[in-house]
Amino acid sequence: MVWQRPDGRQPYELRPISFHAGFTRFAPGSVLTKFGDTQILCTVSVSEGVPKFLAGTGKGWLTSEYRMLPSSTQERQPRELLKLSGRTQEIQRLIGRSLRAAIDFEALGERTLTVDADVLQADAGTRTAAITGGFVALAHAVGQLLHSGVLERSPLCGQVAAISVGLLQGEPYLDLNYIEDVGAAVDFNVVMNQNLGIIEIQGTAEEGSYSRTQLNQLLDFAEKGIQQLLIAQREAIAGWEHLLVGE
Ligand code: CDP
């Protein structure tokens with residue numbers, strides 16, 4: 001039996017993706033990111049100073065906070081539980097690790113970038129949408145901070161995007177929505193840079209196990225998705241490509 005995608009997509013097809021930069025006013029970087037019905041507001045703020053372990057090194061830092069809003073899922077969840085959950089901690093650390101790959105911390109100097117990812121609507125793939133949209137918000141913030149003179153040079157040294165893939169009925173599918181995520185026996189989150197270099201892979205068999213052949217198929221699908229996301233990110237930051245150091 002072949003899995004029929006509820007929204008009629010091809011197995012290798014992304015959901016409709018969009019980035020709305022400048023969605024809110026006060027943070028230097030602000031991007032509303034949509035992957036189908038998953039909607040996340042990513043903001044990027046800057047502060048002077050770094051965590052203690054970096055003080056005096058001349059290097060900056062990037063950290064991330066992730067939260068689902070109480071009514072982002074079908075059943076309302078209390079804010080306090082969302083704040084403390086292990087899932088929240090795991091996801092915000094993944095977002096931070098992933099986006100640190102896009103920053104040259106010497107160029108940033110002793111400053112801290114904070115990426116806030118707030119999930120307005122969760123239809124699966126929230127961590128990968130937060131990373132992909134978080135990168136666009138970083139570029140948006142760097143553009144604003146250079147313009148206002150807070151930064152003298154761009155600390156962006158690479159591009160980062162992420163996507164989910166999974167196995168349904170033994171076959172790979174790209175960018176699962178919630179119905180698919182629930183049905184998937186194997187669930188992957190893949191983070192890559194502009195050269196399709198791997199930054200992080202999370203790959204869990206919820207049922208049984210997966211083979212090396214299936215692993216390769218999943219990574220092939222992820223690569224195809226990320227190639228499209230890298231292009232969409234560049235379209236969203238059109239005019240700011242020069243912020244990517246070395247280009
Ligand atoms: O969102 P992402 O796929 O990165 O993470 P997940 O932990 O695999 O969750 C998949 C989906 O399950 C979320 O996007 C939500 O739609 C849903 N979910 C939920 O409804 N309530 C939770 N406490 C956690 C997840």
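Bear in mind the structure is a predicted one, so any value in this text is a computation, not a measurement.

**Brief notes about the sheet that holds strand β2 (residues 29–35)**
- Strand order in the open sheet formed by 5 strands is β1-β2-β3-β5-β4, with mixed pairing between adjacent strands. Taken across any chain shown, the strands that pair with only one partner, and hence form the sheet edges, are β1 (17–21) and β4 (61–68). Adjacent strand axes in the sheet meet at a mean angle of 20°, parallel and antiparallel pairs treated alike.
- Here β4 pairs with strand β5 (residues 111–121) via 8 bridges, running parallel. Pairing of Thr63 across the sheet is with Thr114, part of β5.
- Against the sheet, helix α2 (residues 86–100) makes contact with β4 and β5, and its axis sits at roughly 145° relative to β4, the strand it touches most.
- Across the sheet, helix α4 (residues 126–147) lies against β1, β2, β3 (38–48), β4 and β5, angled at about 40° from β3, the strand it touches most.

**Details of the UniProt feature "binding site: phosphate" (unreviewed entry) in the chain**
- The sites that carry the UniProt feature "binding site: phosphate" (unreviewed entry) are, in the present numbering, Arg87, Gly125, Thr126 and Arg127. Spatially, the listed residues are clustered: although they cover 41 residues, their C-alpha atoms lie within 13.1 Å of one another. Filtering the just-named annotated residues for those lining the largest pocket gives Arg87, Gly125, Thr126 and Arg127.
- Secondary-structure assignment places Arg87 in helix α2.
- A residue is classified by how much of its surface remains accessible, and Arg87, at 35% relative accessible area, is partly exposed.

**Concerning the confidence of the model for the chain**
- On average, residues of the chain score 95 in pLDDT, and 98% of them reach the 70 mark or higher.
- Two summary scores accompany this predicted model of the complex, namely pTM at 0.97 and ipTM at 0.95.

**Structural notes on the layout of surface pockets**
- Space inside the largest pocket adds up to approximately 650 Å³.
- As for the largest pocket, its lining consists of 25 residues, and the residues nearest its centre are Arg87, Ala124, Gly125, Tyr178 and Asp181.
- When residues of the lining of the largest pocket are traced back to their parent elements, those giving at least two are α2, α4, α5 (178–183), β8 (186–193) and β9 (198–205).

**Considering the site of the ligand**
- In the region of the ligand, the neighbouring residues are Met68, Thr73, Gln77, Arg87, Ala122, Asp123, Ala124, Gly125, Thr126, Arg127, Tyr178 and Asp181.
- Within the side chain of Arg87, one N or O atom sits 2.6 Å away from an oxygen atom of the ligand.
- Taken atom by atom, the bulk of the ligand overlaps the largest pocket.
- Counting only elements with at least two residues in the shell around the ligand, the list comes to α4 and α5.
- A per-class count over the shell around the ligand returns 4 nonpolar, 4 polar and 4 charged.

**Some words on helix α6 (residues 212–236)**
- The end-to-end C-alpha separation of α6 is 35 Å, in line with the 36 Å expected for 25 residues at 1.5 Å each.
- Within the sequence span of α6, burial applies to Gln214, Leu215, Leu218, Leu219, Phe221, Ala222, Gly225, Ile226, Leu229, Leu230, Ala232 and Gln233.

**Things to note about the packing of α2 against α4**
- Axis separation between α2 and α4 bottoms out at 10 Å; the angle between their running directions is 40°. What the angle tells us is that α2 and α4 run oblique. Of the two possible hands of crossing, α2 and α4 adopt the one that is right-handed. Contact residues: Arg87, Glu90, Ile91, Leu94, Ile95, Ser98 and Leu99 in α2; Thr126, Arg127, Ala130, Ile131, Gly134, Phe135 and Leu138 in α4.
- Residue composition of the contact of α2 with α4, by class: 8 nonpolar, 3 polar and 3 charged.

**Here's the deal with the UniProt feature "domain: Exoribonuclease phosphorolytic" (unreviewed entry) in the chain**
- Here the UniProt-annotated "domain: Exoribonuclease phosphorolytic" (unreviewed entry) positions come out as residues 13–141 and 159–225.
- Between the end C-alpha atoms of residues 13–141 the distance is 30 Å, and the span holds 32% helix and 33% strand.
- As a span, residues 159–225 carries 30% helix and 43% strand, and end to end its C-alpha atoms are 15 Å apart.

**Re the environment of Leu94**
- With respect to the helices, strands and loops of the structure, Leu94 is situated in helix α2.
- Here the alpha-carbon distance between Leu94 and Pro78, two residues 16 residues apart in the chain, equals 23 Å.
- For Leu94, the residues in contact, after removing those within four places along its chain, are Arg127, Ile131, Val191, Glu200 and Gln202.

**Focus on the sheet that holds strand β7 (residues 171–174)**
- Taking strand neighbours across the sheet as the criterion, the 4 strands line up as β7-β6-β8-β9 in an open arrangement whose pairing is antiparallel. Edge strands, defined here as strands with exactly one partner in the open sheet, are β7 and β9. Averaged over all neighbouring strand pairs, the angle between strand axes comes to 20°, with direction disregarded.
- For strand β6 (residues 160–168) and β7, the ladder comprises 4 bridges, and the chain directions are antiparallel. Across the sheet, residue Gly166 finds its bridge partner in β7, namely Tyr173.
- The sheet contacts of α2 involve β6, β8 and β9, and relative to β9 the element is tilted by about 150°.
- Sheet contacts for α6: β6, β7, β8 and β9; angle to β6, the most-contacted strand, approximately 145°.

The rules behind the values
- Residues numbered from 1 in each chain as written.
- Predicted model: local features only at pLDDT ≥ 70, side-chain atom pairs only at ≥ 80, totals over all residues.
- Heavy atoms only, no water.
- Pairing = 2+ DSSP bridges.
- Helix = DSSP H or I, 4+ residues; strand = E, 2+ residues; numbered from the N terminus.
- Axes fitted to C-alpha atoms, helices over the stretch in contact; angles between N-to-C directions.
- Contact = heavy atoms within 4.5 Å.
- UniProt positions renumbered as here; feature names shortened; annotations may be inferred.
- 1 Å grid on protein atoms, 1.4 Å probe; cavity = no way out; pocket = protein on both sides within 12 Å on 5 of 7 lines; lining within 4 Å.
- Buried < 20%, exposed > 50% of the residue type's maximum accessible area, 1.4 Å probe, protein only.
- pLDDT = per-residue confidence, 0-100.
- Points joined across faces, edges and corners; volume = space filled by probe spheres on them.
- Near = heavy atom within 4 Å.
- Polar contact = N/O pair within 3.5 Å; in protein donor to acceptor, adjacent residues only side chain to side chain.
- Sits in = over half its atoms within 2 Å of the grid points.
- Nonpolar A, V, L, I, M, F, W, Y, C, P; charged D, E, K, R; others polar.
- Expected span 1.5 Å × (residues − 1).
- Parallel < 35°, antiparallel > 145°, perpendicular 65-115°, else oblique.
- Left-handed = near helix turned anticlockwise from the far one by under 90°.

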